[in-house]
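Here is what each chain is made of, one letter per residue.
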Amino acid sequence: MKIKYAINLSKGLTWFFILGLMFIYHNFTLGPWVYLALHGTYGILWLLKDQLSPDKQWEQEVSIPQMIFIFLIVSLYWVAPFILISSGTVPPIPLIAVAISLNIFGVFLHFASDTQKFYTLKYQPGLITEGFFARCRNTNYLGEILIYTSFALLTQHWLPFLILGGFFTFIFLPNMRKKDQSLSRYSEFDDYKNNSGFLFPGF
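Analysis parameters
Residues numbered from 1 in each chain as written. Predicted model: local features only at pLDDT ≥ 70, side-chain atom pairs only at ≥ 80, totals over all residues. Heavy atoms only, no water. Helix = DSSP H or I, 4+ residues; strand = E, 2+ residues; numbered from the N terminus. Rg over C-alpha atoms; globule rule 2.2 N^0.38 Å. Buried < 20%, exposed > 50% of the residue type's maximum accessible area, 1.4 Å probe, protein only. Contact = heavy atoms within 4.5 Å. Areas by Shrake-Rupley, 256 points an atom, 1.4 Å probe, with all protein chains shown as cover. Salt bridge = Lys/Arg side-chain N within 4 Å of Asp/Glu carboxyl O. Phe/Tyr/Trp six-rings, centres within 6.5 Å; stacked < 30°, edge-to-face > 60°. Polar contact = N/O pair within 3.5 Å; in protein donor to acceptor, adjacent residues only side chain to side chain. Axes fitted to C-alpha atoms, helices over the stretch in contact; angles between N-to-C directions. Parallel < 35°, antiparallel > 145°, perpendicular 65-115°, else oblique. Nonpolar A, V, L, I, M, F, W, Y, C, P; charged D, E, K, R; others polar. Core = buried A, V, L, I, M, F, W, Y, C linked by side-chain atoms within 4.5 Å.

(A) Expanded view of the overall build of the chain. If you tally the helices and strands in the chain, you get eight helices and zero strands. Along the chain, helices and strands appear, N-terminal first, in the series α-α-α-α-α-α-α-α. A compact globule built from 203 residues would reach a C-alpha radius of gyration of about 17 Å, and the chain, at 18 Å, matches this within 12%. Split into buried and exposed, the 203 residues of the chain put 44% on the buried side. Sequence-distant contacts in the chain: of pairs separated by 6 or more residues, those separated by 24 or more amount to 81%. In the form shown here, the chain has an accessible surface area of approximately 10,900 Å², with 69% of it arising from carbon and sulfur atoms.

Below you can see the structure in the form of structure tokens.
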């Protein structure tokens, strides 16, 4: 089994999970609907992206127990909608506006940069130093962090932020460092590193 099967299953079920929570807790207020639109749509877009520009790192083979473990880890992101919907918390309108803005920026950076990377490396392997990666070496991770920050904001609870911090510490950060180590084999990497930010754009 490939890693992406566990990830895609979780992403694909997100819309149904959130809608199911809304029915279970009879909560059809503005917050849950906005959350469903943002997180549910993100899951669908993830599946579309996997078809159009798949990420090689998710193509690795794993055992069935490992796949179940990965599914459970990724599904920790479902804690946020559970808290929001089960608690009946009503996010204030300005907070909803901020969350939507962050989500739009995040989806744009995440998917557009991943697509650039996929098609650039497909036809011209090497160091990518232009476009979305001209000033930031990990634009895709920055976008993903903005996306999940927007979800956490809607809950107005500390636990989703803690979970996002765990993903950043144990998954995102090691992957970004591993990427830098891999890119360091190119002679022009030092100049590129000096003119770009690790996670945020360098100016």
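Moving on from the model shown.
(B) View of the pattern of salt bridges. By the definition in use, this model includes seven salt bridges. Close ionic contact of aspartate 50 with lysine 4 constitutes a salt bridge, the shortest N to O distance being 3.8 Å. You can see aspartate 50 sitting in helix α2 (residues 30-52) and its partner lysine 4 sitting in helix α1 (residues 3-24), a full 46 residues away along the chain. On the basis of relative accessible area, aspartate 50 is assigned to the buried category, the value being 10%. Overall, lysine 4 belongs to the buried group, its relative accessible area being 14%. Linked through salt bridges whose partners overlap, the residues forming this network are Lys2, Lys4, Asp50 and Glu59.

(C) Local environment of the packing of aromatic side chains. Tallying each qualifying case throughout the model produces 18 aromatic pairs. Each ring, one from tyrosine 42 and one from tyrosine 148, has its centre 5.7 Å from the other, and the planes form 90°; the classification is edge-to-face. Of the two residues, tyrosine 42 sits in helix α2 while tyrosine 148 sits in helix α6 (residues 139-155), which places them 106 residues apart along the sequence. Residues phenylalanine 189 and tyrosine 192 carry aromatic rings whose centres are separated by 6.4 Å and whose planes lie at 65° to one another, so their mutual orientation is edge-to-face. Note that phenylalanine 189 and tyrosine 192 are positioned in helix α8 (residues 189-194) at a spacing of three residues, about one turn of the helix. Just as phenylalanine 189 is buried, tyrosine 192 falls in that class too. Each residue in the set Tyr35, Tyr42, Trp46, Tyr77, Phe111, Tyr148, Phe151 and Phe167 is aromatic and connected to the rest through ring pairs, giving one cluster.

(D) Just the environment of serine 187, in detail. Its place among the elements puts serine 187 in the loop between α7 (158-183) and α8. Among the polar contacts listed, one links the side chain of serine 187 to the side chain of glutamate 188, at a separation of 3.1 Å.

(E) Expanded view of the side chain of asparagine 27. Tracing the chain through its elements places asparagine 27 in the loop between α1 and α2. A distance of 3.0 Å separates the side chain of asparagine 27 from the backbone oxygen of isoleucine 85, its partner in a polar contact. If near-sequence neighbours (up to four positions away) are discounted, asparagine 27 is found in contact with Met22, Pro32, Leu84, Ile85 and Gly88.

(F) Quick look at the packing of α6 against α7. Axis separation between α6 and α7 bottoms out at 10 Å; the angle between their running directions is 170°. For the element pair α6 / α7, the angle class is roughly antiparallel. Contacts between α6 and α7 involve Tyr141, Glu144, Ile145, Tyr148, Thr149, Ala152, Leu153 and Thr155 on the former and, on the latter, Pro160, Phe161, Leu164, Phe168, Phe172, Asn175 and Met176. Across the contact of α6 with α7, the residue classes tally to 11 nonpolar, three polar and one charged.

(G) Spotlight on the nonpolar core. Ranked by internal contacts, the top residues of the largest apolar core, which has 41 residues, are Tyr35, Tyr42, Phe151, Leu154 and Phe172. Within the residue set of this core, elements represented by two or more residues are α1, α2, α3 (64-74), α4 (79-87), α5 (93-123), α6 and α7.

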